[in-house]
Structure formats: structure tokens, C-alpha cells
Amino acid sequence: MYHQTAPESIQALFASIAKNYDRANSIFSFGLHKKWNNKLIHAVKNAERLLDLCSGTGEIAFGFLEKNPHSEAILLDFCAEMLSVAQVKGKAKGKEFCERFEIMIADATAVPLNAECVDA
């Protein structure tokens, strides 16, 4: 059962919707999430290495990488199923694209990275 203050409950909720998350996000936001994502991607356009916290299926990180062909990204999320969807999406873009991102299962409240290793 979902409880908003229980991390494992939140993980289970996102795990249950991972395969349909992109479509649901598009429906629930009336497609506006793409505009919001593009605005964010534009704001970090000069970054060499992006940390996408709570990256889910990688939509922001992959959009960033597509617009910045020499940059890298770290996709961090605490839901393995969401990152599994991201991994499949990334692989579909080809080997060279896959070499530019890293998947990391971790909690955004305790990021296991030094701040200096990313630009944005």
C-alpha cells in the first residue's frame, strides 16, 4: 500500500508504472512536460556533465545528450525499474550514445557523488 512518507512505498509505486510512465506523463501534463524539459535542457546547455536527479526514464538526460553531442550524463534514481526503462531507451539510440551516460541507483537525499564531478 502506498504511503507518501515511506520510501519503499514510493519505489513500489514508480516501479508499477515505469513501463507506462512516459505516456502517462504526457497525458497528465497535456504535453507541457516537453516544453518544461526543453527549458531546463536549454538552461544547462553549456554543461559537460549533467546529473539528472530522480531521472526516471531518462527523458531530460537524453534530451540534454541529444542537444549536446560532446557531453555526458548521470541518470540517478532510486527506482531500478524506471532506470531499466531508461537503459532500454538509451540502448535504442546506439552504442556511442550509451557510452555517454551512466545509470546509478541511489537515493537523491544521499547522492553518492562529489559535487565537483558534475557541472549541472
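Structure: above.
Below, the structure is looked at part by part. Only a predicted model underlies this, so the values are computations on that prediction, with no experimental measurement involved.

Digging into the side chain of Asp-77
Right, so step 1: You can see Asp-77 is positioned in strand β2 (residues 72–77).
Right, so step 2: Lys-89 provides the closest opposite charge to the buried, salt-bridge-free Asp-77, at an N-O distance of 11 Å.
Right, so step 3: Of the polar contacts made by the side chain of Asp-77, one reaches the backbone nitrogen of Gly-56; its length is 2.7 Å.
Right, so step 4: One polar contact links the side chain of Asp-77 to the main-chain amide nitrogen of Cys-79, over a distance of 2.9 Å.

A closer look at the layout of surface pockets
Right, so step 1: Space inside the largest pocket adds up to approximately 250 Å³.
Right, so step 2: Lining the largest pocket are 19 residues; nearest its centre among them are Tyr-21, Cys-54, Ser-55, Gly-56 and Thr-57.
Right, so step 3: Mapped onto the lining of the largest pocket, the elements with two or more residues apiece are α2 (21–28), α3 (32–43), β1 (49–53) and α4 (59–67).
Right, so step 4: At 3 residues, α2 tops the list of elements feeding residues into the lining of the largest pocket.
Right, so step 5: For the lining of the largest pocket, the per-class residue count stands at 8 nonpolar, 7 polar and 4 charged.
Right, so step 6: Taken as a whole, the second largest pocket encloses approximately 200 Å³ of empty space.
Right, so step 7: As for the second largest pocket, its lining consists of Asp-22, Lys-34, Asn-37, Asn-38, Ile-41, Glu-59, Phe-62, Gly-63, Glu-66, Lys-67, Lys-89 and Lys-93.
Right, so step 8: The element contributing the most residues to the lining of the second largest pocket is α4, with 5 residues.
Right, so step 9: Considering only residue class, the lining of the second largest pocket consists of 2 nonpolar, 3 polar and 7 charged.

Here is what the cut-offs are and how they apply
- Residues numbered from 1 in each chain as written.
- Predicted model: local features only at pLDDT ≥ 70, side-chain atom pairs only at ≥ 80, totals over all residues.
- Heavy atoms only, no water.
- Helix = DSSP H or I, 4+ residues; strand = E, 2+ residues; numbered from the N terminus.
- Buried < 20%, exposed > 50% of the residue type's maximum accessible area, 1.4 Å probe, protein only.
- Lys, Arg positive; Asp, Glu negative; His and termini not counted.
- Salt bridge = Lys/Arg side-chain N within 4 Å of Asp/Glu carboxyl O.
- Polar contact = N/O pair within 3.5 Å; in protein donor to acceptor, adjacent residues only side chain to side chain.
- 1 Å grid on protein atoms, 1.4 Å probe; cavity = no way out; pocket = protein on both sides within 12 Å on 5 of 7 lines; lining within 4 Å.
- Points joined across faces, edges and corners; volume = space filled by probe spheres on them.
- Nonpolar A, V, L, I, M, F, W, Y, C, P; charged D, E, K, R; others polar.

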